[in-house]
Amino acid sequence: MGDVFSVTLLSLEVSGLATALSLLIGLPLGTALGLGRFPGRAVLLSVVNTGMGLPPVVVGLVVAMLLWRSGPFGGLQLIYTPLAIVIAQLIIAAPVVTGLTAVALQQLDPRLQQQLLGLGASQAQMVLALWREARLPLIAALIAGFGSVISEVGASMMVGGNIRGQTRVLTTAIVLETGKGEFETALALGALLLVITFLINVALTFVQQRGTRQRGRA
Amino acid sequence: MIEIQDLLVRRDGRPVLAIDHLRIERGDVLAVLGPNGAGKTTLLLVLARLLKPERGSVHFRSQAGPIENDLDYRRRLSVVLQEPLLLDRSVFDNVAAGLRFRHLTEGEVRERSAAWLEKLGIAHLRGRPGLSLSGGEAQRVALARAFVLEPELLLLDEPFASLDAVARQALADELRRLLAETRTTTVFITHDPVEVRQLATRTLWLEDGHLTDCAPGVEPLS
């Protein structure tokens, strides 16, 4: 029971931190891609869109090679640590958040930027106002980013090593139990993962849809 | 108050606005007429410093002292575009948006916004979501949002174009009353000669990006 609790907690910590970091990167980058007009923007958008479909196991392989003892960042001794899983999951979630942020802002009326500036908004105030206008798809980006990492197993397994009490998360524990033929335990862990994901998404969807209800009330 | 000299704006290499000289005096209500694609909106965007010209200058002698940068410049004017482009917030928050951008105290924001909601006859809508309003109501909110800033220069881009005839007339009457009351220097784009007669003190005719003769019945531009 204690094991299940610590595995669940680690899953939430790792995926929560990776999602938060992906927001820090993806929100400004997606905003620049969505609103900016600069050379190479289309290429960068294509790279981000490709990144949205990165196979976690490939990300795990690359991050493992980089963090391996003999790899370029081996000296940091991060391989088989929770931080290594966070790095791998960040690489998975950041393109998702970036790409969906860019789309969310591109869907706004482009004249809204001129209107906000014409009302005396600074560039930062304009971006904040646009984020607020696009809050529904931006929360959807957050949900998609979190969903992409809480449910992945390949990267966590490769860079975390599924070490009991250290880097074992729900998905890697499910793989382990399935490998041992302990299907009941694996199913129970799977159900727990689903419930946790569901509850987090319910909370985020509630925040997201509150805005919709307010809009439709009049 | 505003002097434009040797202005040139190009789009895709083609000149879309070329004005040698234009002077707008304090208190002028200048109607800008011309066919579609003549450069009217471009002129408005240049005046709002939302578009940088390739060449030329726009000098704005403000009553509130020297202008430090584009943001400072834009905070002395208000822009109302063809569509109301309201934010997904309450009517009150829409009207208050520009004041909050200027970091006024919440007390000032409440007082000034409430006063202008009242003046535009939309105080009863203050709690309604901005995106749920009819076209006429939304455009009243857009006008309140512009006037509440007490701008030195008001820029209007066909503000009534998307309204039906009745709402259009009602808002034009309202705007005439407000301009007479506030004596705000205004540049407005229109295709409607009735609006010109009702509102304008001067008229400017733009064609292919150039100033040409003034519209019929208005003194020539000097």
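Just above sits the structure.
These lines cover the structure that appears in this document, whether it is placed above or below.

Procedures and definitions
Residues numbered from 1 in each chain as written. Chains lettered and ligands numbered in written order. Predicted model: local features only at pLDDT ≥ 70, side-chain atom pairs only at ≥ 80, totals over all residues. Helix = DSSP H or I, 4+ residues; strand = E, 2+ residues; numbered from the N terminus. Buried ≥ 20, exposed ≤ 12 C-beta atoms within 10 Å, placed from the backbone. Pairing = 2+ DSSP bridges. Axes fitted to C-alpha atoms, helices over the stretch in contact; angles between N-to-C directions. Contact = placed C-beta atoms within 7 Å. Core = buried A, V, L, I, M, F, W, Y, C linked by C-beta atoms within 7 Å. Parallel < 35°, antiparallel > 145°, perpendicular 65-115°, else oblique. Left-handed = near helix turned anticlockwise from the far one by under 90°. Nonpolar A, V, L, I, M, F, W, Y, C, P; charged D, E, K, R; others polar.

## Considerations on the overall build of chain A
Right, so step 1: Helix and strand counts for chain A come out as 10 helices and zero strands.
Right, so step 2: Starting at the N terminus, the α and β elements of chain A follow one another as α-α-α-α-α-α-α-α-α-α.
Right, so step 3: On the principal axes, the C-alpha backbone points of chain A span a range of 65 × 45 × 25 Å.
Right, so step 4: When burial is assessed residue by residue, chain A has 38% of its 218 residues classed as buried.

## Considering the pairing of strand 7 (residues 185–189) of chain B
Residue and element names in this part refer to chain B.
Right, so step 1: With five of five residues buried, strand 7 is to be regarded as a mostly interior element.
Right, so step 2: Alternating positions in strand 7 separate into two faces, Thr 185, Val 187 and Ile 189 on one and Thr 186 and Phe 188 on the other, with burial throughout.
Right, so step 3: Where strand 3 (residues 29–33) lies against strand 7, four bridges are found, and the strand directions are parallel. Pairing of Val 32 across the sheet is with Ile 189, part of strand 7.
Right, so step 4: Bridge analysis of strand 6 (residues 153–157) against strand 7 gives five bridges, and the strand direction is parallel. The residue of strand 7 that forms the bridge with Leu 154 is Thr 186.

## Structural notes on the pairing of strand 6 of chain B
All names here are of chain B.
Right, so step 1: Among the five residues of strand 6, five are classified as buried, and the element is accordingly described as predominantly covered.
Right, so step 2: Burial along strand 6 is two-sided: Leu 153, Leu 155 and Asp 157 and Leu 154 and Leu 156, pointing in opposite directions, are all buried.
Right, so step 3: As judged from the four bridges shared by strand 5 (residues 77–80) and strand 6, these two strands associate in the parallel manner. Across the sheet, the residue bridging to Leu 77 is Leu 153, located in strand 6.

## Details of the sheet that holds strand 2 (residues 14–24) of chain B
All names here are of chain B.
Right, so step 1: An order of 2-1-4 is seen for the three strands of this open sheet, with the pairing classed as antiparallel. Only two strands of the sheet have a single partner each, and these edge strands are strand 2 and strand 4 (55–60). Direction aside, neighbouring strands of the sheet carry axes that sit 20° apart on average.
Right, so step 2: Both strand 1 (residues 2–11) and strand 2 contribute to a ladder of nine bridges, which runs antiparallel. Its bridge partner lying in strand 2, Val 9 is registered against Leu 17.
Right, so step 3: Along the sheet face, helix 1 (residues 40–47) touches strand 1, strand 2 and strand 4 and points at about 60° away from the line of strand 2.

## Details of the environment of Leu 153 of chain B
Residues and elements named next belong to chain B.
Right, so step 1: Position of Leu 153 among the secondary structure elements: in strand 6.
Right, so step 2: Residue Leu 153 is classed as buried on the basis of its 22 C-beta neighbours within 10 Å.
Right, so step 3: As a C-alpha pair, Leu 153 and Met 1 span 152 residues in sequence and 9.4 Å in three-dimensional space.
Right, so step 4: Setting aside residues no more than four positions away along its own chain, Leu 153 makes contact with Arg 76, Leu 77 and Thr 185.

## A word on the interface of chain A and chain B
Right, so step 1: Contacts between the two partners involve 18 residues from chain A and, on the opposite side, 22 residues from chain B.
Right, so step 2: Put simply, the parts of the chain that give the side of chain A that touches chain B at least two residues each are helix 5 (111–118), helix 6 (123–133) and helix 10 (183–216) of chain A.

## Here's the deal with the sheet that holds strand 3 of chain B
Right, so step 1: Taken in spatial order, the six strands line up as 5-6-7-3-8-9 (chain B) in an open sheet, and their pairing is mixed. Looking at which strands have only one partner, the edges of the open sheet turn out to be strand 5 and strand 9 (210–211) of chain B.

## Section: the nonpolar core
Right, so step 1: Counting 119 residues, the largest nonpolar core has Val 63, Ala 88 and Val 159 of chain A together with Val 32, Ala 144 and Leu 155 of chain B as its most contacted members.
Right, so step 2: Residues within four places of Val 63 of chain A in sequence aside, it is in contact with Ala 84, Ile 87, Ala 88, Ile 91, Ala 155 and Val 159 of chain A.

## Looking at the packing of helix 3 (residues 91–101) of chain B against helix 4 (residues 106–119) of chain B
All names here are of chain B.
Right, so step 1: Where helix 3 contacts helix 4, the two axes come as close as 9 Å, and the packing angle between them is 130°. Comparing their axes, helix 4 and helix 3 come out oblique. The two elements helix 3 and helix 4 meet at a crossing, and its hand is right-handed. Contacts between helix 3 and helix 4 pair Phe 92, Val 95, Ala 96, Leu 99 and Arg 100 from the former with Glu 108, Val 109, Arg 112, Ser 113, Trp 116 and Leu 117 from the latter.
Right, so step 2: Here the residues of the contact of helix 3 with helix 4 sort into seven nonpolar, one polar and three charged.

## Some words on helix 3 of chain B
Right, so step 1: Most of helix 3 of chain B is tucked away: nine of the 11 residues are buried.
Right, so step 2: Of the residues making up helix 3 of chain B, those classed as buried are Val 91, Phe 92, Asn 94, Val 95, Ala 96, Ala 97, Gly 98, Leu 99 and Phe 101 of chain B.
Right, so step 3: In this structure, the buried residues of helix 3 of chain B make contact with helix 6 of chain A together with helix 4 and helix 5 (135–147) of chain B.
Right, so step 4: Just downstream of helix 3 of chain B, His 103 of chain B is the residue with a positive phi angle, here 60°.

Note that every value here comes from positions in space, so none of it alone points to a role or purpose.
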